[in-house]
Amino acid sequence: MKCIQCSNVLPWLVGMFLFTFSGIGQAQEVPLQGFVHKQSDENGYVWPTDSLVLQKLALWNEQKFGVLFHWGLYSVPGIVESWSICSEDVDWIPRDTVWNYEAYKKWYWGLKDVFNPVDFDPDQWAEVMNEAGMRYVIFTTKHHDGFCMYDTRETDFSIAHGAFKEHPKKDVARFVFEAFRKKNFMIGAYFSKPDWHSPYYWWPYYATPDRNVNYKIARHPERWEKFCQFTYNQIEELMQGYGDIDILWLDGGWVGSAKQDIHMDKIVEMARREQPGLIVVDRSMRGKHENYQTPEQGIPEKQLAFPWESCITLSNDWGWVPNAPYKSAGKVIALLTEVVAKGGCLLLGIGPTPQGMIEQPVVERLKRVGDWLRVNGEAIYNTVITPYYQEGNIWFTAAKDEKTLYAIYVLPEGENLPELLEWHINLPKGKMTLLADGRRVTYRIEGDKVMVSLPKGCPEEPFVLKFAID
Ligand code: GLC
C-alpha cells in the first residue's frame, strides 16, 4: 500500500482499470440519464424578496449558457467524482473490487500527494469557454470528498498543501475566477455541504456506511456544531477573499434537511453581507435559499414559471475521464435551444484534465457551438419565452418586445435540411429573414399554418428564422 501511495503511475493504471471495468471507454454518445435531482414543482419555489437578488437572477437568466467545472482528486485517475469513497452499493459508483474499502479510501486520500497539475492554465479554460459562447462559470471549490481547490485556512486537505503547493497558482479557485472575470463571465462557486474528509462529518471513530454524517447528531451536538462552524468559515473565506461572486452553488442536498441542519440562514446572511445580491442555489432543498432550481442530466418537460438551470455533462461524467464519449456540437446546440425555449439556462459539465487543461476533443466541439452562436446568438441570449414554443424540430424564442420571434430549427443528427418548413399559431407578419445572413425568406400562410421555403445553399446545420408577430 505504501509504494502505491507514492507512485505517480499507479493512479493512472487504476484509473484505466476502473474505466474498462465500468465500460465507459467507447466513444459513443449515451442518451441523457433521468434526473438525479428532480426539479421541484412551482409550489416549491420561493421568490426572493431582496431586489438585488432579483436583479442578479434576471441578469443571470439572460446569459443562458454556462460551464460547470469538476476538478479535484478524482480527475487524477479519471474516475467518478468523489463518490467512489462512499460505501453505497449502486451501479453508478464503480470502485476497484480487489482492495478493501479502507485500503481504497487510503489510496484515494493519498492522491493529494500526486495531483500536480503543472499545466494548469485557467486562461486557456476561459478562452475556450468564451469562444464557445458561454457566459457564466461554476467551479468546484470543494466536492464531497472534502478536497479543497482553494487555499483554505480551515484544513490542509487542499490543492495548496499537496503536490502542487510550490506552484504560484496553488490557490486554484482564485485564478479560475480571475481568468473568467477577465472575459466578463458571471462567477459561481460550487461548494459541497457534505465533507467526507472532515472528522466532524465522517468521524473516524465510526465506520462510514453511506453518504451521511456517521454519528448521531443528537448524541454529539458539539461535534456537529464544529462541522457547522467549519462549513460557515469555509464559505466565509470564499465570500470574503475571492473577489466578486455572483452565485453560490451548494451541492449535497441531503445536508441541510431537518436532520442535518447546518444553519443555512446564518450562512446566507453572512454570504450576502459580503456579496450583495448573491444568488444562492441550495440545490433541491426548496424554499428561500434555492434561488434557482437545478434539474440534472435532463430538461424539464415544459416551460417553468420560475428560474431554473439544467446541468448536463458534455460526456457522461462530471469530471475528466479517459476517452470520454463527448456529445456532438449539434447535440449541445439542440440542448441549449430546448432549454432556452423553455425558459432556463444550460450549465454544461466539463472536466479539465489532471494536468490542468481543457482537452482537444472538448475544444473542437465547443468551437463549433461558438461558431453557431456567433451567428445565431440573437435567438438565444437575452431572449424570453413565448407561449407557443415548439412544433416538431422547431423551437421558438422571443426578443424582449415579445413581438419579434425566432424559429430555431434543430437539425436531428444524420438528417438533411428540409426544403419546406411548416408550423402553426406563430403566424408571421411582414418580412421573414434568415438570421445567419439577413436573407429574405418567402412564406405562405394558409389558415393557421405557415409554410416557409428555405433559401438554397443553407449549410446543413441548425438555423434561425426571424420574424414579427401581431
Ligand atoms: C450530483 C452528483 C455530484 C455532482 C453534481 C453536479 O449531485 O452527486 O457529484 O457534483 O451532481 O451537478
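Residues numbered from 1 in each chain as written. Predicted model: local features only at pLDDT ≥ 70, side-chain atom pairs only at ≥ 80, totals over all residues. Heavy atoms only, no water.

A.B. asks: If you had to explain the pattern of salt bridges to someone new, which residues and values would you point to?
C.D. replies: Two side chains bearing opposite charge may form a pair once their charged atoms approach each other closely. Within the structure shown, the criterion is met by 22 salt bridges. Put simply, Asp371 and Lys367 hold a salt bridge, and the shortest N to O gap is 3.0 Å. One end of the pair, Asp371, and the other, Lys367, are both in helix α10 (residues 360-376), four residues apart, so they sit about a helical turn from each other. Glu422 serves as the salt-bridge partner of Lys449, at 3.6 Å between the closest nitrogen and oxygen. Of this pair, Lys449 sits in strand β14 (residues 449-453) while Glu422 sits in strand β11 (residues 420-424), and the two are 27 residues apart along the sequence. Several salt bridges share partner residues, and in doing so they unite Glu131, Lys367, Asp371 and Arg374 into one network. (Salt bridge = Lys/Arg side-chain N within 4 Å of Asp/Glu carboxyl O. Helix = DSSP H or I, 4+ residues; strand = E, 2+ residues; numbered from the N terminus.)

A.B. asks: How would you explain the nonpolar core if you had to name every residue and give the values?
C.D. replies: In terms of nonpolar packing, the biggest core is built from 129 residues, with Met129 and Ile350 touching the most fellow members. Sort the elements by how many residues they give to this core and helix α7 (residues 221-241) lands first, with eight residues. Structurally, this core is a two-domain feature, drawing no fewer than three residues from each of domain 1 (2-379) and domain 2 (390-469). Among the nonpolar cores identified, the runner-up in size contains 21 residues, and Tyr409, Leu411, Leu434 and Val450 belong to it. (Core = buried A, V, L, I, M, F, W, Y, C linked by side-chain atoms within 4.5 Å. Buried < 20%, exposed > 50% of the residue type's maximum accessible area, 1.4 Å probe, protein only. Domains from an automatic or database assignment.)

A.B. asks: Explain helix α9 (residues 329-341) residue by residue, including any values.
C.D. replies: Spanning 13 residues, α9 covers 18 Å between terminal C-alpha atoms, matching the ideal 18 Å at 1.5 Å per step. Every buried residue belonging to α9 is among Ala329, Val332, Ile333, Leu335, Leu336, Thr337, Val339, Val340 and Ala341, and all of these are buried. At its buried positions, α9 is contacted by β1 (65-69), β6 (309-313), β7 (345-350), α10, β9 (394-398) and β10 (404-409). A positive backbone phi angle near 95° is found at Gly343, which sits one or two residues after α9. (Expected span 1.5 Å × (residues − 1). Contact = heavy atoms within 4.5 Å.)

A.B. asks: Which residues make up the layout of surface pockets, and what values do they have?
C.D. replies: If you add up the space inside the second largest pocket, you get close to 420 Å³. Lining the second largest pocket are 22 residues, and of these Gly330, Lys331, Val410, Leu411 and Pro462 lie nearest its centre. Only α9 and α10 provide two or more residues apiece to the lining of the second largest pocket. In terms of residue class, the lining of the second largest pocket is built from 10 nonpolar, five polar and seven charged. Composition of the lining of the second largest pocket by domain shows at least three residues from each of domain 1 (2-379) and domain 2 (390-469). (1 Å grid on protein atoms, 1.4 Å probe; cavity = no way out; pocket = protein on both sides within 12 Å on 5 of 7 lines; lining within 4 Å. Points joined across faces, edges and corners; volume = space filled by probe spheres on them. Nonpolar A, V, L, I, M, F, W, Y, C, P; charged D, E, K, R; others polar.)

A.B. asks: Any chance you could break down the pairing of strand β3 (residues 186-192) for me, citing the residues and the numbers?
C.D. replies: By the criterion of burial, β3 is predominantly enclosed, with seven of the seven residues buried. Neither face of β3 is exposed, since Met186, Gly188, Tyr190 and Ser192 on one face and Ile187, Ala189 and Phe191 on the opposite face are all buried. Strand direction decides the pairing type here: strand β2 (residues 136-142) and β3, joined by six bridges, are parallel. What sits directly across from Tyr136, in β3, is Met186. With five bridges connecting them, β3 and strand β4 (residues 247-251) associate as parallel partners. Bridge pairing links Ser192 to Asp251 in β4. (Pairing = 2+ DSSP bridges.)

A.B. asks: Mind laying out the domain arrangement of the protein chain, listing which residues take part and the relevant values?
C.D. replies: When its domains are assigned, the protein chain resolves into domain 1 (2-379) and domain 2 (390-469). For domain 1 versus domain 2, the distance between C-alpha centres works out to 37 Å. Taken residue by residue, the interface counts 16 residues in domain 1 and 15 residues in domain 2. Here domain 1 packs against domain 2, burying approximately 1300 Å² in sum over the two surfaces, 64% of which is carbon and sulfur. It is Trp372, Glu378 and Ala379 in domain 1 that bury the most area against domain 2; as a group they hold 38% of the surface buried on that side. Between the two partners, domain 1 and domain 2, sit two salt bridges. We note a salt bridge from Lys400 to Glu62, for which the minimum N-O separation is 2.7 Å. For the interface between domain 1 and domain 2, the tally reads six residue pairs in polar contact (both at pLDDT 80 or more). Among the secondary structure elements, those contributing two or more residues to the side of domain 1 that touches domain 2 are α9 and α10. For the side of domain 1 that touches domain 2, the element with the highest residue contribution is α9, accounting for seven residues. When its residues are assigned to classes, the side of domain 1 that touches domain 2 shows seven nonpolar, three polar and six charged. (Buried area = accessible area lost by both parts, 1.4 Å probe. Polar contact = N/O pair within 3.5 Å; in protein donor to acceptor, adjacent residues only side chain to side chain.)

A.B. asks: So what's going on with empty space enclosed by the protein? Which residues, and what values?
C.D. replies: Within this structure, the stated rule accounts for two cavities of 30 Å³ or more. Within this model, the largest cavity holds a volume of roughly 60 Å³. Lining the largest cavity are Leu314, Ser315, Asp317, Gly319, Trp320, Val321, Ala324, Tyr326, Gly349, Ile350, Gly351 and Val362. For the lining of the largest cavity, a count of residues per class yields seven nonpolar, four polar and one charged.

A.B. asks: Let's hear about unusual backbone geometry: which residues, and what values?
C.D. replies: Its identity as a non-glycine residue notwithstanding, Ser284 has a phi of 60°, on the positive side. Here Ser284 shows up in the loop between β5 (279-282) and β6. Accessibility expressed as a relative area gives 30% for Ser284, which makes it partly exposed. One non-glycine residue, Ile425, adopts positive backbone phi at about 65°. Within the secondary structure, Ile425 is located in the loop between β11 and β12 (429-434).

A.B. asks: Talk me through the sheet that holds β14; I want residue IDs and the actual numbers.
C.D. replies: Spatially, eight strands are ordered β8-β9-β10-β15-β12-β13-β14-β11 in an open sheet, and the strand pairing comes out antiparallel. Each edge of the open sheet carries a strand with a single partner, namely β8 (390-391) and β11. By the bridge criterion, five bridges tie β9 to β10 in an arrangement that is antiparallel. When the sheet's bridge partners are listed, Ala398 is paired in β10 with Leu405.

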